[in-house]
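# Per-entry structural report
Okay, here's what each chain looks like letter by letter:
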Amino acid sequence: MGNQTVVSEFLLLGLPIRPEQADLVYALFLAMYVTTVLGNLLIIILIRLDSHLHTPMYLFLSNLSFSDLCFSSVTMPTFLHNMRRQVPSIPYAACLTQMYFFLLFADLESFLLVAMAYDRYVAICFPLHYTSIMSPRLCLSLVGLSWFLTTFISLWHTLLMARLSFCADNLIPHFFCDMSALLKLACSDIQINEMVIVILGGLIIIVPFLLIFSSYSRIVSSILKVPSARGIRKAFSTCGSHLSVVSLFYGTITALYLCPSADNSTAQDTVMAVMYTVVTPMLNPFIYSLRNRDMQGALGRVLSKWVIQLSLGQ
Ligand SMILES: *[C@@H]1O[C@H](CO)[C@@H](O)[C@H](O)[C@H]1NC(C)=O
């Protein structure tokens, strides 16, 4: 309660673009955001409506789509709105709220990817016990645990951020309230924040990565034990999409950490941030539905049901 927040609002400087490009960039981001929302909504609705897709894998996927949808909705509407304004300001409380939900859905995605990897591991290594192991109760517990952990972690970061005082500088060279951009502006001691970021960040990135990696190494070794064309094809068709999403997620994160920014390379940071806040959530639905027969079949069934209902209704 004792902190004196001098800064009552921040200015989000947005993307480093020239004024004459602003309209084009606005249109591009609007299109990407609309695609993200529609693509992920379509997946959620299809999985809800089609009973063939009421399996653990698709319920996790539906959760992932929900998380992607929320994740991009945390940043994109504010960003698009700010691009149309003279003064792209965001109140202090709104900024912290945005940071909280940004972390919440980013971490949720990471945990859901682990649950999905475990699901694939059980499906391939214990096909006969799949339904008894991946019971609805276990699925719900995995999703619940993910929500619990991510709520707790992002709350911790946000409370630590709320302790800090911000004095004069309120310019955020970013298009949303990014935690590290905010830390650079703080004028109190940020040592604890940085320590928690390193520890929890490691926990959220490395532990899930190791779990996913060990799931996949067991999948590969179980396929290599009895190599058959059919087994390999089955593994590829059920794991391919998940593996692509995992690679996209961890590829972006790795690139972010392997190319540490110098003080002035905010442009590069921002491009990477665009990559994981806009592009990744947009691509996930396509990765899952383009090459996936189940999803295409479900789309066909749901559409034909609607057409029949419409024609009967008239
Ligand atoms: C998330 O997963 C749980 C457990 O499998 C499921 O009951 C729930 O319907 C899913 N939620 C969404 C939004 O798909």
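Overview of the structure. (Residues numbered from 1 in each chain as written. Predicted model: local features only at pLDDT ≥ 70, side-chain atom pairs only at ≥ 80, totals over all residues. Heavy atoms only, no water.)

## Quick look at the overall build of the chain
A tally of regular secondary structure across the chain gives 10 helices and 3 strands. Mapped from its N terminus to its C terminus, the chain presents α and β elements in the order β-α-α-β-α-α-α-β-α-α-α-α-α. Dimensions of the chain, computed from the C-alpha atoms along their principal axes, are close to 65 × 55 × 35 Å. For the chain, buried positions account for 45% of its 314 residues. For the chain, contacts bridging at least 24 residues in sequence account for 80% of all contacts bridging at least 6. Only carbon and sulfur atoms are counted for the fraction: they give 69% of the accessible area of the chain, which is about 16,900 Å². Taking the average place of the 17 positive charges on the side chains of the chain and the average place of its 15 negative ones, the gap between the two points comes to 19 Å. (Helix = DSSP H or I, 4+ residues; strand = E, 2+ residues; numbered from the N terminus. Buried < 20%, exposed > 50% of the residue type's maximum accessible area, 1.4 Å probe, protein only. Contact = heavy atoms within 4.5 Å. Areas by Shrake-Rupley, 256 points an atom, 1.4 Å probe, with all protein chains shown as cover. Lys, Arg positive; Asp, Glu negative; His and termini not counted. Charge placed at Lys NZ, Arg CZ, Asp CG, Glu CD.)

## Some thoughts on the sheet that holds strand 2 (residues 89-91)
The 3 strands lie next to each other as 2-1-3, forming an open sheet whose pairing is mixed. Bordering the open sheet on either side are strand 2 and strand 3 (171-172), each of which pairs with just one other strand. Where strand 1 (residues 9-12) and strand 3 come together, 2 bridges link them in parallel fashion. Residue pairing in the sheet places Leu12 in a bridge with Ile172 of strand 3. (Pairing = 2+ DSSP bridges.)

## Description of the site of the ligand
In the region of the ligand, the neighbouring residues are Arg48, Leu59, Ser62, Asn63, Cys139, Leu140 and Val143. With respect to the ligand, the side chain of Arg48 contributes an N or O atom lying 3.4 Å from an oxygen atom. Separating an oxygen atom of the ligand from a side-chain N or O atom of Asn63 is a distance of 2.2 Å. Protein chains bury 75% of the 360 Å² of accessible surface belonging to the ligand in isolation. Residue assignment for the shell around the ligand shows that the elements contributing at least two residues are helix 2 (56-83) and helix 5 (136-163). Here the shell around the ligand is composed, by residue class, of 4 nonpolar, 2 polar and 1 charged. (Near = heavy atom within 4 Å. Polar contact = N/O pair within 3.5 Å; in protein donor to acceptor, adjacent residues only side chain to side chain. Nonpolar A, V, L, I, M, F, W, Y, C, P; charged D, E, K, R; others polar.)

## Details of the state of the cysteines
For the structure shown, the criterion picks out 2 disulfides. Note that Cys95 is cross-linked by a disulfide to Cys177, the S-S spacing being 1.9 Å. As the torsion about the S-S bond is roughly -115°, the Cys95-Cys177 disulfide counts as left-handed. Remark: Cys177 occurs in the loop between strand 3 and helix 6 (179-185) and Cys95 occurs in helix 3 (residues 92-125); sequence separation between them is 82 residues. The class for Cys95 is buried, based on a relative accessible area of 0%. Bridging Cys167 to Cys187, the disulfide has an S-S length of 1.7 Å. (Disulfide = S-S within 2.5 Å.)

## Quick word on the side chain of Thr252
With respect to the helices and strands, the residue Thr252 is situated in helix 8 (residues 229-258). On the basis of relative accessibility, which here comes to 5%, the residue Thr252 falls in the buried class. With residues near it in sequence (within four places) discarded, Thr252 still touches Ser247, Met272, Met275, Tyr276 and Thr280.

## As for the nonpolar core
Grouped together as the largest cluster of nonpolar side chains are 65 residues, with contacts concentrated most on Phe29, Leu61, Leu113 and Ile212. Every element with two or more residues in this core is listed here: helix 1 (22-49), helix 2, helix 3, helix 5, helix 7 (191-225), helix 8, helix 9 (266-290) and helix 10 (293-313). Top contributing element to this core by residue count: helix 3, with 16 residues. If we skip the residues at most four places from it in the chain, Ile212 touches Leu113, Val114, Ala117, Val246 and Tyr250. Ranked by size, the runner-up nonpolar core spans 21 residues in total, among them Leu164, Ile172, Ala181 and Leu183. (Core = buried A, V, L, I, M, F, W, Y, C linked by side-chain atoms within 4.5 Å.)

## Focus on the side chain of Ser241
With respect to the secondary-structure elements, Ser241 resides in helix 8. Ignoring any residue separated from it by four or fewer positions in sequence, one finds Ser241 in contact with Ile287 and Tyr288.

## Focus: the packing of helix 2 against helix 3
Two elements in contact, helix 2 and helix 3, have axes separated by 9 Å at closest approach and are oriented at 160°. Overall, the two elements helix 2 and helix 3 adopt an arrangement that is roughly antiparallel. Helix-helix and strand crossings are classified by hand; for helix 2 and helix 3 the assignment is left-handed. Its residues assigned to classes, the contact of helix 2 with helix 3 comprises 17 nonpolar, 5 polar and 4 charged. (Axes fitted to C-alpha atoms, helices over the stretch in contact; angles between N-to-C directions. Parallel < 35°, antiparallel > 145°, perpendicular 65-115°, else oblique. Left-handed = near helix turned anticlockwise from the far one by under 90°.)

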